[in-house]
There are 2 protein chains.
Amino acid sequence: MFERIAIVGCGLIGGSLALAIRERWPEAVVIAIDSAPIVEAAVRMSAAAAVGTDLTAADGSDLIVLAAPVRQNIEMLRRMGERVHGGALVTDVGSTKREVVDAAAQLPDRLRFVGGHPLAGAAAGGLDAARADLFRDRPWILTPTPNSAAADVQRLCALVSALGAKPTTMDAGRHDHLMAYISHLPQLVVSAMMEVVGEEAGPSGLGLAGSGLRDTTRLASSPANTWRDVTATNAEALSEAIDKLRDALGILKADLAQGNELERVFSAARDWKRVLDRSDA
Amino acid sequence: MFERIAIVGCGLIGGSLALAIRERWPEAVVIAIDSAPIVEAAVRMSAAAAVGTDLTAADGSDLIVLAAPVRQNIEMLRRMGERVHGGALVTDVGSTKREVVDAAAQLPDRLRFVGGHPLAGAAAGGLDAARADLFRDRPWILTPTPNSAAADVQRLCALVSALGAKPTTMDAGRHDHLMAYISHLPQLVVSAMMEVVGEEAGPSGLGLAGSGLRDTTRLASSPANTWRDVTATNAEALSEAIDKLRDALGILKADLAQGNELERVFSAARDWKRVLDRSDA
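The model shown is predicted, which means the values in this text are computed figures rather than measured ones.

Chemist: Provide a residue-level description of the pairing of strand β4 (residues 63-66) of chain A, including the pertinent values.
Modeler: Residues and elements named next belong to chain A. Because side chains alternate across β4, one face comprises the buried residues L63 and V65, and the other comprises I64 and L66, equally buried. Across 4 bridges, β4 lies against strand β5 (residues 88-92) in parallel orientation. Along β5, the bridge assignment pairs I64 with V90. In terms of handedness, the path from β4 via helix α3 (residues 70-83) over to β5 forms a crossover that is right-handed.

The structure is reproduced here in structure tokens:
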């Protein structure tokens, strides 16, 4: 498969990837690149055989995986041509893809890039929460460009399949548009709604809420730092998604004013919810 | 307590109330009023000692509980002066209160009204799902008006306390405003978002969704008929709530366009979510 794999950024995803690769291919050399305390912890967890605290440690790898927050990955792509001298296949595991793919277009030819996004997560982040089976049965989207070599895409598909994930390919723009709706919009709407509801109801009013509000607002606990890069690098698609929801709410409001019974939106929502619940990603 | 209690409408709430009263006060006469098949089922479940299919069967009761959908309760309040000849304390268990309290203001003096709203529910509705402990440890809001007799409010508080519920009183307008935010807005937003997300993502895109979207959209399965009366009788407060959320989403969109990092909304949402999760209604 790959003989020498550098993983740059050892949080939940990077750490889990290191553990999964070492479990599947014990003979592969995994190089963990992050700050000193993190890479020391990675060695203690047997997640890496070699370590580095700088991108130069990736030189000589045949696969380089960027697993830092999205904007750090973009920054690394900009410097990679100077820091890494050999040839390598480069991928990333970030939650948005268009800006990453754009940055990767500037790489020298010897560094071939195919973006990726494993749809896997856990309640807790960080290397401590990493586990080798994090990607099992989860989708892993790859976003080749017209310049990507088919052989590179196939090698990454084979890699993630061997780790138990379900690879699928799509255009980076389509990926970001889709994520704006199935992931980023729900997060922002829940955060905005929790703030509005809290301010109007106050603590005593919230005490009267039932399970509907409690379940609906689970995502309101998300920390801002997880979302900072995601929203910043998908602002355009997310703005469009916000507009569509605002329009839908405007229609609902007009229906209410006219005494319509909202059958249509409830019926459409139930139908789509059934599709969602039957899908098994 | 009360000797003869008519419960008009034997769904989940009315049926559970009948069972709870008979369990607590076996000597009380509970009269179930609904369509023939429903009241027959209520008798089979030992939820009622007497039955009727018309409001006139409530005559002679010292407590009348309206437990049909809100607009049917309002209609019954309009006809009650003609149909019920004795004196009685009248209450309801509907999810909105202002229009109900307004309709009750037309009752003759012998029919004294105090509105109520038990905040209890279950995944399944209908008499089949009724159970005597449905109200245990759940809030039960009573909405007296300046014309309500303190003794009537106290008797209802004592009744619902004896059934295990936690009574609290508030003005009908405050109730409806509060419910618009903690209950009705989340339902409409989830339904609208599920439709928007489904239409943009399609079945294959929804297949890539993670637990965030799945949990957030649980309420999208709600049937329209449960919400028809609620939204129709709280349209004004709900429209205001929709406006506030649309404004909040507009601010988020402007923040995105300006490259702001959304720290403020995430932080406020987390704080309110913590308040919500620590409250134990």
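Next comes the rest of the account.
Chemist: Tell me about helix α1 (residues 12-24) of chain B, residues and numbers included.
Modeler: In this model α1 of chain B runs 18 Å from its N-terminal to its C-terminal C-alpha over 13 residues, within 8% of the 18 Å that 1.5 Å per residue would give. Close packing links the buried residues of α1 of chain B with β1 (4-8), β2 (29-33), β4 (63-66), β7 (115-118) and β8 (139-143) of chain B.

Chemist: Break down the sheet that holds strand β7 (residues 115-118) of chain A for me, with residues and values.
Modeler: Residue and element names in this part refer to chain A. With respect to topology, 3 strands assemble into an open sheet ordered β7-β8-β9, the strand pairing being mixed. Bordering the open sheet on either side are β7 and β9 (166-169), each of which pairs with just one other strand. Going across the sheet, the axis of each strand differs from the next one's by a mean of 25 degrees, ignoring polarity. As defined by bridge partners, strand β8 (residues 139-143) adjoins β9 across 4 bridges and the pair is classed as parallel. Bridge assignment links W140 to a residue of β9, and that residue is P167.

Chemist: Before we move on, could you go through the pattern of salt bridges and cite the residues and values that matter?
Modeler: As a working rule, side chains carrying opposite charge can pair if their charged atoms are close by. Residues and elements named next belong to chain B. This model, assessed by the stated rule, comprises 32 salt bridges over all chains. A salt bridge links R98 to E236; its shortest N-O distance comes to 4.0 Å. With R98 in helix α4 (residues 98-104) and E236 in helix α9 (residues 235-257), the pair connects residues that are 138 residues apart, well separated along the chain. Using a relative accessible area of 38% as the deciding quantity, one classes R98 as partly exposed.

Chemist: Describe the relation of the copies chain B and chain A, listing the residues and the values that go with them.
Modeler: Of the transformation superimposing chain B on chain A, the axial component is 0.0 Å and the angular component is 180 degrees, with the fit at an RMSD of 0.1 Å. As the rotation angle and translation indicate, the two copies are arranged about a two-fold axis. Of the C-alpha atoms belonging to chain B, the one lying closest to the rotation axis is found on T216 of chain B, 2.2 Å away.

Chemist: Give a detailed account of helix α8 (residues 224-232) of chain B, specifying residues and quantitative values.
Modeler: Of all the residues in α8 of chain B, the buried ones are A224, W227, D229, V230 and T231 of chain B. On its buried face, α8 of chain B sits against α9 (235-257) and α10 (263-278) of chain A together with α3 (70-83), α6 (172-206) and α9 of chain B.

Chemist: Break down the interface of chain B and chain A for me, citing the residues and quoting the values.
Modeler: Listed by partner, the interface residues are 84 residues for chain B and 84 residues for chain A. When the two sides are added together, the surface that chain B and chain A hide from each other amounts to roughly 7,900 Å², 68% of it contributed by carbon and sulfur. Summed over the three residues of chain B that lose the most area to chain A, namely L208, F266 and W272 of chain B, the buried surface amounts to 10% of that side. At the junction of chain B and chain A, the tally comes to 14 salt bridges. The closest approach of N and O atoms between E195 of chain A and R264 of chain B, which form a salt bridge, is 2.7 Å. In this structure, the connection of chain B to chain A is made through 25 residue pairs in polar contact (both at pLDDT 80 or more). Broken down by secondary-structure element, the contributors of at least two residues to the side of chain B that touches chain A are β8, α6, α7 (211-216), α8, α9 and α10 (263-278) of chain B. When residues of the side of chain B that touches chain A are assigned to their parent elements, the largest contribution, 26 residues, is made by α6 of chain B.

Chemist: I'd like to hear about the sheet that holds β8 of chain B, residue by residue, with values.
Modeler: Residue and element names in this part refer to chain B. Across the sheet, which stays open at both edges, the 3 strands sit in the order β7-β8-β9 with mixed pairing between neighbours. Lying at the two open borders of the sheet, with one neighbouring strand each, are β7 and β9 (166-169). Mean inter-strand twist for the sheet, computed between neighbouring axes without regard to direction, equals 25 degrees. Across 4 bridges, β7 lies against β8 in antiparallel orientation. Note that in β8 the partner of P118 across the bridge is W140. Across the sheet, α6 is in contact with β7 and β8; its angle to β8 comes to roughly 140 degrees.

Reading the values: rules and limits
Residues numbered from 1 in each chain as written. Chains lettered and ligands numbered in written order. Predicted model: local features only at pLDDT ≥ 70, side-chain atom pairs only at ≥ 80, totals over all residues. Heavy atoms only, no water. Buried < 20%, exposed > 50% of the residue type's maximum accessible area, 1.4 Å probe, protein only. Helix = DSSP H or I, 4+ residues; strand = E, 2+ residues; numbered from the N terminus. Pairing = 2+ DSSP bridges. Right-handed = clockwise from strand over helix to strand, strands pointing away. Expected span 1.5 Å × (residues − 1). Contact = heavy atoms within 4.5 Å. Axes fitted to C-alpha atoms, helices over the stretch in contact; angles between N-to-C directions. Salt bridge = Lys/Arg side-chain N within 4 Å of Asp/Glu carboxyl O. Least-squares fit on C-alpha atoms with pLDDT ≥ 70 in both. Buried area = accessible area lost by both parts, 1.4 Å probe. Polar contact = N/O pair within 3.5 Å; in protein donor to acceptor, adjacent residues only side chain to side chain.

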